[in-house]
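Geometric and topological summary
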Amino acid sequence: MSFANLSSLAQQQPLRLLLINAGEADAITWAGLVQPLRLAAAQLGREALQLQTMTPAQVVLAQPGWHIALLVADEQQSPLPAEQARAVIARCRSAEYWGGVGAGVLWLAKAGLMAGVRIALPWALYADTEDITERAILTPHLFELDGPHLSCCGGAASIDFALTLIEQLFGAGVQATVKESLCIERVRGPEERQRVALQARFGALQPRLSEAVTLMETNIEEPLSTDDIANLVGLSRRQLERLFKQYLGSLPSRYYLELRLQRARQLLLETNHSIVQVGLMCGFSSGSHFSTAFGALFGNTPREERQRKLQS
């Protein structure tokens, strides 16, 4: 699901956003999330955005009524006591959109609340997921929106996550002002990946899956067929598709297409190659196919994406 679905919340006046800090105040996961949102709140005023930050002890006593609620903790943070965790999660789930950032994502998944949901988890916590892999779909992305569920891997990605929320809720102009205040040039999108995540999660347990993704990453300009990849890693097509579906929540062909489109988006934003050149460099021989596929994934055309670069 696209983050653009959050734009419907912008009609709420004021929009109430709750951040529950279950970790340290100086952790980058928390600071990276809260600072952009505080700047946006200062710019918009309380009539547009009411940002509340609470500790777990405080939120248990608070009255619900939030539009978005996020449970935030750095990856090194120890879990909350069981009784308090249940109360905090209940408050969090009362919001229209809810989820976690950093270790908060793992706690929600371990509570059984992410069954069949795509979640972005810090790669350093992947070793703690053996008992939830059948119930949640771990992705290597920086952040995810799946139905009402929000998740972000934390760390520096918290900044990108917060800025994406700001853009979708309040527009590119507000986001641009916050970016300027923070001296940030580029915001990574939800589709971008934690570079270490795949190897950390699957390298030892599923070496053939890891090898298949590596083949995709190194064959962007001239894509391989699913059958070719399966043969190269020593699996049948059906076995390969089963691995991708189980661990990445996608078919190999779809995952490969998104990988190529992510590379195309990066080239459009970071280079001066023409749109036609970018399409060819990412394995699209047809300009119309490139534009259609790009629009389906990102919600805008390659030309509009390039225009964003020129305007920034």
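To keep things clear, this report deals only with the structure shown in the data block. (Residues numbered from 1 in each chain as written. Predicted model: local features only at pLDDT ≥ 70, side-chain atom pairs only at ≥ 80, totals over all residues. Heavy atoms only, no water.)

So, on to the overall build of the protein. Of the regular secondary structure elements, the protein holds 14 helices and eight strands. Against the compact-globule benchmark of 20 Å for 312 residues, the protein has a radius of gyration of 20 Å, which places it among compact chains. In terms of principal-axis extent, the alpha carbons of the protein reach across some 55 × 45 × 30 Å. By residue count, 50% of the 312 residues in the protein fall in the buried class. Considering only contacts in the protein between residues 6 or more positions apart, those separated by 24 or more positions represent 68%. Total accessible area on the protein stands at roughly 14,200 Å², and carbon and sulfur atoms take up 50% of it. (Helix = DSSP H or I, 4+ residues; strand = E, 2+ residues; numbered from the N terminus. Rg over C-alpha atoms; globule rule 2.2 N^0.38 Å. Buried < 20%, exposed > 50% of the residue type's maximum accessible area, 1.4 Å probe, protein only. Contact = heavy atoms within 4.5 Å. Areas by Shrake-Rupley, 256 points an atom, 1.4 Å probe, with all protein chains shown as cover.)

Right, let's talk about the nonpolar core for a bit. In this structure, Leu 6, Leu 19, Leu 33, Leu 70, Leu 150 and Phe 161 are the most contacted members of the largest nonpolar core, which totals 37 residues. Each residue touching Leu 33, except ones within four places of it in the same chain, is listed here: Leu 19, Leu 70, Val 72, Val 101, Ser 158, Phe 161 and Ala 162. If you look at the next biggest cluster of nonpolar residues, it comprises 32 residues, including Leu 80, Trp 98, Leu 113 and Ala 136. (Core = buried A, V, L, I, M, F, W, Y, C linked by side-chain atoms within 4.5 Å.)

The next point concerns the pattern of salt bridges. For the structure shown, the criterion picks out seven salt bridges. Two residues, Arg 118 and Glu 144, come together in a salt bridge whose shortest N-O distance is 3.6 Å. On the criterion of sequence distance, the pair formed by Arg 118 in strand S5 (residues 117–120) and Glu 144 in strand S7 (residues 143–146) is long-range, its members being 26 residues apart. Assessed through its relative accessible area of 8%, Glu 144 is described here as buried. For Arg 186, the salt bridge identified is with Glu 270, shortest N-O distance 3.0 Å. With Arg 186 in the loop between helix H6 (172–182) and helix H7 (197–202) and Glu 270 in helix H11 (residues 252–270), the pair connects residues that are 84 residues apart, well separated along the chain. Sharing partners across several salt bridges, the network here consists of Asp 227, Arg 237 and Glu 241. (Salt bridge = Lys/Arg side-chain N within 4 Å of Asp/Glu carboxyl O.)

With that settled, consider the environment of Gly 102. Mapped onto the elements of the fold, Gly 102 is located in strand S4 (residues 97–102). Taking the C-alpha atoms as reference points, Gly 102 and Cys 153, separated by 51 residues in sequence, lie 4.9 Å from one another. Other than its neighbours up to four places away in sequence, Gly 102 contacts Thr 29, Ala 73, Leu 121, Pro 122, Cys 152, Cys 153 and Gly 154.

This part covers the side chain of Asn 21. Looking at the element boundaries, Asn 21 is found in strand S1 (residues 15–21). Classification of Asn 21 by relative accessible area gives buried; the value is 12%. One polar contact links the side chain of Asn 21 to the main-chain amide nitrogen of Gly 23, over a distance of 3.0 Å. (Polar contact = N/O pair within 3.5 Å; in protein donor to acceptor, adjacent residues only side chain to side chain.)

Okay, the sheet that holds strand S2 (residues 49–54) next. Sheet architecture is open: six strands sit in the order S2-S1-S3-S4-S8-S7, paired in mixed fashion. Single-partner strands in this sheet number two, and they are S2 and S7. Averaged over all neighbouring strand pairs, the angle between strand axes comes to 15°, with direction disregarded. Bridge count for S7 against strand S8 (residues 149–152) is four bridges, and the pairing is antiparallel. Across the sheet, the residue bridging to Asp 146 is His 149, located in S8. Across the face of the sheet, helix H4 (residues 103–110) comes into contact with strand S3 (68–73), S4 and S8 while running at roughly 120° to S4. The sheet strands contacting helix H5 (residues 157–170) are S1, S2, S3, S4, S7 and S8, and the helix crosses S8 at an angle near 145°. (Pairing = 2+ DSSP bridges. Axes fitted to C-alpha atoms, helices over the stretch in contact; angles between N-to-C directions.)

Glancing now at the pairing of S3. For S3, the tally of buried residues reaches six of six residues, placing the bulk of the element in the interior. Covered by surrounding structure in S3 are Ile 68, Leu 70 and Val 72 together with Ala 69, Leu 71 and Ala 73, the residues of both alternating faces. Pairing of S1 with S3 involves five bridges; the strand directions are parallel. By the bridge assignment, Leu 18 is partnered in S3 with Ala 69. As judged from the six bridges shared by S3 and S4, these two strands associate in the parallel manner. By the bridge assignment, Leu 71 is partnered in S4 with Gly 100. Note on the crossover from S3 through helix H3 (residues 82–93) to S4: the handedness is right-handed. (Right-handed = clockwise from strand over helix to strand, strands pointing away.)

By the secondary structure assignment, Gly 65 is in the loop between helix H2 (56–61) and S3. Judged by its relative accessible area of 38%, Gly 65 is partly exposed. Separated by 26 residues in the primary sequence, Gly 65 and Arg 91 place their C-alpha atoms 9.3 Å from one another.

Mapped onto the elements, Arg 193 comes out in the loop between H6 and H7. When the C-alpha positions of Arg 193 and Ala 120 are compared, they lie 9.4 Å apart, and in sequence the two are 73 residues distant.

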